[in-house]
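Structural overview
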Amino acid sequence: MNHTLTPDDHASAEPPAVRVPAHVPLAHVVRGGVVEGVHHGSVVVLAADGTVEFAAGDIEAAFYPRSALKPVQAVALLRAGLLPPDEEALALTTASHSGEERHLATARRILEAAGLTEDDLRNVPDLPYDPAVRDAWLRAGRGPSRLAQNCSGKHAAMVMTARARGWSLENYLDPGHPLQWSVARAVEDLTGQGIARVTVDGCGAPLFSVSLHGLTRAVARIAAGAPEGHEGRVAAAMRDHPELVSGTTRDVARLMRAVPGLLAKDGFEGVQVAALPDGRAVGVKIADGADRARMPVTAAALLRCGVDPALLAPFARTPVIGGGRDVGSLRAAGALAAESAALAAVPEGDGPGAAPRDPAPTGPEADPAA
């Protein structure tokens, strides 16, 4: 197959509308008691039965999930015949990893199990994502590589699946390749909607546009999947190996460790999804793509799912720094102001969600509120 998706190729469900999203204020940057900045966005909270329990902004407009789509892509690869060598490898399939040695070693293990090498990957060469790892990498005289790029686990799983099915490897990123057709079908199945647009993600893979509501519904279905099914396998791998899904110091790993049973995945341009085993789920999109607002809004939304506020409080605030001191904060606001206030009232401590003292950037495109 060497053609792109057309409207006739979609599932029976309608795709979301392509429009300028009607985002609303979701977070305030407060410095010295003055609101210095406002982040707009959209958020949705789903109940266990899949109904919308809360929404703000525009949850039905078409948008690009970026790396938050990776759990769905992992389910698609399992359906297409992926045979990961172990559950750690399956977790890395969903990862936007930090480039730590354990990430690279796991990606190599996927390739070796398929009789392939890094040369078979077609993702964009890059340096490790984590700043400390990247600095050590450069000091060692190493340059960009496909294995170090944060999507290498997904790409390794893609070529492993293509090899297992006897599909061509050279063009596995072509939207018309049978591998990508398989991914598109899974996206439509799990989101319950057609695909609005197809473009290219930063790593070079096809990227499918759905709505924030659809993406959140898909992740909820994965989180609540039966243990023996493809969805359940992906959910278990992510929960058991959160540091492989992101990185040792990343907030997504800490959030999954802090909240029992939680599945969470971030994406570039301020996207975050999180879901509990019973199907309760949240989806967040920050309009300007600022990563710093992603987690405080997510924490406030998870409070609406009934998660213990003591577990969420460490994620509810991003400090604003002035002269090397903490002089303010970035917190959820607007439609989530009440939840933000409830989390602000939780006493500070060193609970399961507490950040390390010198954390690396918390996710893709991290930008501390300095």
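Every chain is numbered on its own, with residues counted from 1 as its sequence reads. Owing to the predicted nature of the model, reporting of local features is limited to residues with pLDDT of at least 70; listing and counting of side-chain atom pairs is limited to 80 or more, with chain, interface and lining totals taken over all residues. Side-chain descriptors were evaluated using all non-hydrogen atoms of the structure, hydrogens and water having been removed beforehand.

1. Re the pattern of salt bridges
Criterion for a salt bridge: a side-chain nitrogen of Lys or Arg within 4 Å of a carboxyl oxygen of Asp or Glu. The tally for this structure, following the rule as stated, stands at 17 salt bridges. One salt bridge connects Arg66 with Asp201, and the closest N-O pair in it is separated by 2.7 Å. On the criterion of sequence distance, the pair formed by Arg66 in the loop between strand 4 (62-63) and helix 1 (70-80) and Asp201 in the loop between strand 5 (198-200) and strand 6 (206-208) is long-range, its members being 135 residues apart. Accessibility assignment for this pair places Arg66 and Asp201 in one class, buried. Salt bridges here are not isolated pairs; linked through shared partners, they connect Arg79, Asp189 and Glu231. Runs of E in the DSSP output that reach at least two residues are strands. Runs of H or I that reach at least four are helices, and both are numbered from the N terminus. Each residue gets one of three labels from its accessible area relative to the maximum for its type: buried under 20%, exposed over 50%, partly exposed in between, using a 1.4 Å probe on protein chains only.

2. A few points about the packing of helix 1 against helix 8 (residues 230-240)
Helix axes are fitted only over the stretch in contact, all axes being lines through C-alpha atoms; the angle between N-to-C directions runs from 0 to 180 degrees. The N-to-C vectors of helix 1 and helix 8 enclose an angle of 130°; their axes lie 9 Å apart at closest approach. Judged by the angle between their axes, helix 1 and helix 8 are oblique. Classified by chirality, the crossing of helix 8 by helix 1 is right-handed. Packed against helix 1, whose contacting residues are Pro71, Ala74, Val75, Leu78 and Arg79, the element helix 8 presents His230, Glu231, Arg233, Val234 and Met238 at the interface. Roughly parallel covers angles under 35 degrees, roughly antiparallel covers those over 145, roughly perpendicular covers 65 to 115, and oblique covers all other angles. Helix crossings fall into two classes, left-handed where the near helix is turned counterclockwise from the far one by less than a right angle and right-handed where it is turned clockwise. Any pair of residues with heavy atoms lying within 4.5 Å of one another is described as a contacting pair.

3. Observations concerning unusual backbone geometry
Located in the positive-phi region is Arg66, a residue other than glycine, with phi close to 50°. When its relative accessible area of 19% is taken as the criterion, Arg66 is described as buried. Positive phi is not limited to glycine here, since Glu269 has a value of about 65°. When its relative accessible area of 29% is taken as the criterion, Glu269 is described as partly exposed.

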